[in-house]
Amino acid sequence: MTQDVKEIFARAGTHGSTPPAPAALAAKVRTLAPSMTRSMQRVAEAVAGDPAGCAALTVTGLAELTGTSEATVVRTARLLGYPGYRDLRLALAGLAAQQQSGRAPAITTDIAVDDPIADVVAKLAYDEQQTLADTAAGLDTVQLGAAVAALASARRTDVYGIGASGLVAQDLTQKLLRIGLMAHAPGDPHLAVTNAVQLRAGDVAIAITHSGSTGDVIEPLRVAFERGATTVAITGRPDAPVTQYADHVLTTSTARESELRPAAMSSRTSQLLVVDCLFVGVAQRTYETAAPALAASYEALAHRHSPRGGTRHA
């Protein structure tokens, strides 16, 4: 077992993950495959590619099919989030049943340069739907609940993100501001670190990065972590460097990467779902203050754009 995989096991115990639902298995394979040994990748690819066939195999049979060992099969099952191979077989049987019923469609086709626009719409819609389903199925609700609790009682919240993830960071801060909470999404990496230095226990810092290895996002989270703030990582890689500074890890899925749609762009869909889950959870916990604040912001915006309220022009 590689050192990376050992660290994944260690973090899995720390963050209290539960076995993923059958529908999340393919997404889990895509997420963890880069950190697996080649032999474990063969096992993971086999179960994701033919869940019905693999569900019928014993641990010995799957080891023979993939040219690996029984120990490798068991380690792969555990890395994917299942206590043992028996639990993985049950998940495979459930996934196979969903696929046969049409509730878990087969893998979609990549978008081609010469695809008609109608096909592009259909393929993107399918990928977005599957990404949201994969993220929801694989989201650790224990970790999510802990992050919501921290946000609801935070003195202030800093959210870090660069590029497409930066847009998601801004979305979360705007949502929190509209229910009366103090939140910042510094776009400048230096400003992010400067802000993080001011955090302390009772504050929250959230890092949003699909790869989990963006230095400009990791550094302010590290500073916030060392200052005692509660830290959260929203990432597509549960084994990524950013997680070593995260008290809570929320894993996202992503649509199939293609030449026209790299993972860094398609990941935004799943990130926004996690952000919405955080926001609604916080709004529920702070409803008595959140509801009036939200109503006040709607009223202020409505007045600003109404004919009576008018807007000032330079």
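Look up a bit, the structure's there.
Presented here is a report on the structure given in the accompanying data block. (Residues numbered from 1 in each chain as written. Predicted model: local features only at pLDDT ≥ 70, side-chain atom pairs only at ≥ 80, totals over all residues. Heavy atoms only, no water.)

**What to know about the overall build of the protein chain**
Part 1 of the argument: Secondary structure assignment for the protein chain yields 14 helices and five strands.
Part 2 of the argument: Among the 314 residues that make up the protein chain, the fraction classed as buried is 44%.
Part 3 of the argument: Restricting to contacts in the protein chain with at least 6 residues of sequence separation, those with at least 24 account for 72%.
Part 4 of the argument: As displayed, the protein chain has an accessible area near 15300 Å², and 55% of this comes from carbon and sulfur atoms. (Helix = DSSP H or I, 4+ residues; strand = E, 2+ residues; numbered from the N terminus. Buried < 20%, exposed > 50% of the residue type's maximum accessible area, 1.4 Å probe, protein only. Contact = heavy atoms within 4.5 Å. Areas by Shrake-Rupley, 256 points an atom, 1.4 Å probe, with all protein chains shown as cover.)

**As for the sheet that holds strand E5 (residues 248-251)**
Part 1 of the argument: A sheet is described by the order of its strands in space; here five strands give the open sequence E2-E1-E3-E4-E5, paired in parallel fashion. Looking at which strands have only one partner, the edges of the open sheet turn out to be strand E2 (183-184) and E5.
Part 2 of the argument: Pairing of strand E1 (residues 157-160) with strand E3 (residues 204-208), which is carried by four bridges, proceeds in the parallel orientation. Looking at the pairing, threonine 157 lines up with valine 204 of E3. (Pairing = 2+ DSSP bridges.)

**Things to note about the nonpolar core**
Part 1 of the argument: By size, the foremost hydrophobic cluster in this structure holds 28 residues, and its most contacted members are Leu151, Ile179, Ile206, Ile208, Ile234, Leu250 and Leu278.
Part 2 of the argument: In terms of residue count, helix H13 (residues 263-285) provides more of this core than any other element does, six residues in total.
Part 3 of the argument: Once residues lying within four places of it in the same chain are set aside, the contact partners of isoleucine 179 are Phe279, Val282, Ala283, Thr286, Thr289, Ala290, Ala293 and Leu294.
Part 4 of the argument: Grouped together as the second largest cluster of nonpolar side chains are 23 residues, Leu25, Leu32, Met40 and Leu95 included. (Core = buried A, V, L, I, M, F, W, Y, C linked by side-chain atoms within 4.5 Å.)

**Topic: the environment of proline 34**
Part 1 of the argument: Relative to the helices and strands, proline 34 is located in the loop between helix H2 (25-32) and helix H3 (38-49).
Part 2 of the argument: Accessibility expressed as a relative area gives 54% for proline 34, which makes it exposed.
Part 3 of the argument: Considering only alpha carbons, one finds proline 34 and aspartate 239, 205 residues apart in sequence, at a separation of 9.6 Å.
Part 4 of the argument: Once you skip the residues sitting within four places of it in the chain, proline 34 turns out to touch Gln41 and Arg237.

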